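So the chains spell out like this:
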There are 2 protein chains.
Amino acid sequence: MPDTPIPQASNVTSLAERRLLHETVVDQLRDLIVQGELAPETKLNERVLAERLGTSRTPLREAIKFLASEGLVELLPNRGAVVAPLKPEKMQEVFVVLGALEALAGELACRNASEADIADIRALHYHMLAHHARGELAPYFRYNQQIHQRIIDCAGNATLAQSWRAMNAHVKRARYLANLSGERWDKAVKEHEDMIDALTRRDGAKLQALLRDHLANKLVMVMEALGGRPK
Amino acid sequence: MPDTPIPQASNVTSLAERRLLHETVVDQLRDLIVQGELAPETKLNERVLAERLGTSRTPLREAIKFLASEGLVELLPNRGAVVAPLKPEKMQEVFVVLGALEALAGELACRNASEADIADIRALHYHMLAHHARGELAPYFRYNQQIHQRIIDCAGNATLAQSWRAMNAHVKRARYLANLSGERWDKAVKEHEDMIDALTRRDGAKLQALLRDHLANKLVMVMEALGGRPK
DNA sequence: GCAATCATTTTTGTATGCAAAAATGGAATG
DNA sequence: CATTCCATTTTTGCATACAAAAATGATTGC
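Now for a look at the structure at hand. (Residues numbered from 1 in each chain as written. Chains lettered and ligands numbered in written order. Predicted model: local features only at pLDDT ≥ 70, side-chain atom pairs only at ≥ 80, totals over all residues. Heavy atoms only, no water.)

### Notes on the overall build of chain A
- On a plain count of helices and strands, chain A comes out with nine helices and three strands.
- Helices and strands appear in chain A in the N-to-C order α-β-α-α-β-β-α-α-α-α-α-α.
- In chain A, which comprises 231 residues, the proportion classed as buried is 48%.
- Of the contacts made within chain A by residues no fewer than 6 positions apart, 74% connect residues no fewer than 24 positions apart. (Helix = DSSP H or I, 4+ residues; strand = E, 2+ residues; numbered from the N terminus. Buried < 20%, exposed > 50% of the residue type's maximum accessible area, 1.4 Å probe, protein only. Contact = heavy atoms within 4.5 Å.)

### Some words on the pairing of strand β3 (residues 80–83) of chain A
Residues and elements named next belong to chain A.
- Taken together, the two bridges between strand β1 (residues 43–44) and β3 define a ladder with antiparallel strand orientation. Bridging from a neighbouring strand, L44 pairs with A81 of β3.
- Where strand β2 (residues 73–76) lies against β3, four bridges are found, and the strand directions are antiparallel. Bridging from a neighbouring strand, L75 pairs with A81 of β3.
- Linkage of β2 to β3, two consecutive antiparallel strands, is achieved through a turn of three residues, within which N78 is found at a positive phi near 65°. (Pairing = 2+ DSSP bridges.)

### A short note on the relation of the copies chain A and chain B
- You can overlay chain A on chain B at an RMSD of 0.1 Å; the transform is a turn of 180° with a shift of 0.0 Å along its axis. Here the copies are linked by what is in effect a two-fold axis.
- Of the interface residues in chain A, 86% have counterparts in chain B that sit at the interface too, so the contact is made through matching surfaces. (Least-squares fit on C-alpha atoms with pLDDT ≥ 70 in both.)

### A short note on the packing of aromatic side chains
- For the coordinates displayed, the defined rule picks out four aromatic pairs over all chains.
- Where B:Y140 meets B:F141, the ring centres are 6.0 Å apart and the plane angle is 55°; that geometry is what we call tilted.
- Among the residues examined, B:Y140 registers a relative accessible area of 1% and is labelled buried.
- Feature note: the residues A:Y140, A:F141 and A:W185 constitute an aromatic cluster, connected by ring pairs. (Phe/Tyr/Trp six-rings, centres within 6.5 Å; stacked < 30°, edge-to-face > 60°.)

### What to know about the packing of helix α4 (residues 88–112) of chain A against helix α7 (residues 158–175) of chain A
Residue and element names in this part refer to chain A.
- Remark: α4 packs on α7, axes separated minimally by 10 Å, with the N-to-C direction vectors making an angle of 135°. Overall, the two elements α4 and α7 adopt an arrangement that is oblique. For α4 against α7, the interelement crossing comes out left-handed. Where α4 approaches α7, its residues K90, M91, V94, F95, V97, L98, L101, E102, L104, A105 and L108 are matched on the opposing element by L160, S163, W164, M167, N168, H170, V171 and A174.
- Considered class by class, the residues forming the contact of α4 with α7 number 14 nonpolar, three polar and two charged. (Axes fitted to C-alpha atoms, helices over the stretch in contact; angles between N-to-C directions. Parallel < 35°, antiparallel > 145°, perpendicular 65-115°, else oblique. Left-handed = near helix turned anticlockwise from the far one by under 90°. Nonpolar A, V, L, I, M, F, W, Y, C, P; charged D, E, K, R; others polar.)

### A look at empty space enclosed by the protein
- According to the stated counting rule, one finds five cavities of 30 Å³ or more in the structure shown.
- The wall of the second largest cavity is formed by A:A100, A:A103, A:L104, A:E107, A:Q208, A:R212, B:A100, B:A103, B:L104, B:Q208 and B:R212.
- The leading source of residues in the lining of the second largest cavity is α4(A), at four residues. (1 Å grid on protein atoms, 1.4 Å probe; cavity = no way out; pocket = protein on both sides within 12 Å on 5 of 7 lines; lining within 4 Å. Points joined across faces, edges and corners; volume = space filled by probe spheres on them.)

### A few points about the interface of chain A and chain B
- Taken together, the contact pairs 36 residues of chain A with 37 residues of chain B.
- Counting the surface lost from both chain A and chain B, the interface buries some 3300 Å², and carbon and sulfur atoms represent 59% of this.
- It is A:E62, A:S69 and A:T159 that lose the most area in chain A upon contact with chain B, and together they represent 17% of the buried surface on that side.
- Secondary-structure elements contributing two or more residues to the side of chain A that touches chain B are α1 (21–34), α3 (57–70), α4 and α7 of chain A.
- If you tally residues by element for the side of chain A that touches chain B, the top one is α4(A), at nine residues.
- A class-by-class count of the residues in the side of chain A that touches chain B yields 18 nonpolar, 10 polar and eight charged. (Buried area = accessible area lost by both parts, 1.4 Å probe.)

### What to know about unusual backbone geometry
- For A:N78, which is not a glycine, the phi torsion comes out positive at approximately 65°.
- Looking at where A:N78 falls in the secondary structure, it is placed in the loop between β2 and β3.
- A relative accessible area of 62% places A:N78 in the exposed class.
- Of note in this structure, B:E41 is not a glycine but carries a positive phi near 75°.
- Relative to the helices and strands, B:E41 resides in the loop between α1 (21–34) and β1 (43–44).
- Judged by its relative accessible area of 32%, B:E41 is partly exposed.

Structure representation (structure tokens):
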């Protein structure tokens, strides 16, 4: 018999641990969208999707509403929902906001990150360099994302992190469009180099500027790719 | 309490509106939360709330999921949902992010706003001044919010606007705590004065800085009020 | 008197049913 | 051949049903 826990009447958040079907459906559906398995503008047929995810329409519809709030799906009254289109204008908007969020995160991270945090990020950076050297795109992207994620985390602002995560989901959808040519790729890596440098020196202003530029460059690449697509 | 008829805003299905019940429920529920009618940490009883909003549990649950994504409600697995607590730490986080978003909006607005836009905002500002002069708090808040909203709108970035709206909802919940003392209120008005000035001169950098400070000052007030609350 | 236990009630989570709207397809018409 | 109906099918939106989990509260034992 374990010790009887003291009844914490008010602090409800501490016991929100159990996994709910609704949440797994949200995660699965978000993955399908972000990974591009459900392409932009795909109609979400409730019956089909529910069967695919092994659930009924009710939790699926709740998940769709949740993702609609994140902007990953669009609700069409009486006509269901579609995967949010990948419009160039939308991308432009997202990158601008994301730039501001990452800049803020960079500044906060320079103040709040521990030395261990920075060492971790640096390690991720070297992993990324290795994959860049070998021209391995997928692992490169993975480490790239992890670095950005870690910088956000080091900012120590959960609200910022959540907002960033939602915005970043949109960008992830477009990442495979970026078509990293050798020159562009090298440039992006160089920017990362500078970012790690600024973070190590805890130069918040510099890191902020670098992140903004980095995002702006990413946007250019995505825009070229999107603009080239016949729509 | 026996059947107390709740004034149904207009659940009329007469007009062939494209508006879904789900959306009206989202708006109604958000209003109840933002206006404080559903206090922080209130448990959302689905049966009771559905009846109150004149609907069934299904659309209500969808609305709850939607608002959970906005952060206004928290989901407790197998225990339903509660109105998100108003914790000081959360407020601090929100204000930091909101500061970055408004700063960005200010910069963009200085670039993109038309002269007519600026004239409109200036007009709102004078209305606000009038209500400040008369010490009318509620109308003051209303115009204050409208001014901030208009600046966001002038940025011409719908993604930014939506993100701001969600963040701002949290702040609105705390606004009645701010307890504007004469001195503080005067200071806030003075800051607005400067903001209008910077916008008119289209001095983006200045407006950005002013908005950041303005938000930081608001935070101080809210924090004092929240910190003073025995919780 | 108090805590623990367990039956009962309540509430949540999911599935299903049903009506209305939209999509589909095919015949009739120009 | 294209277009416009209209009947049929499909899909969505909402309500309800039902099982499982949690809250409640009465009872028992100490």
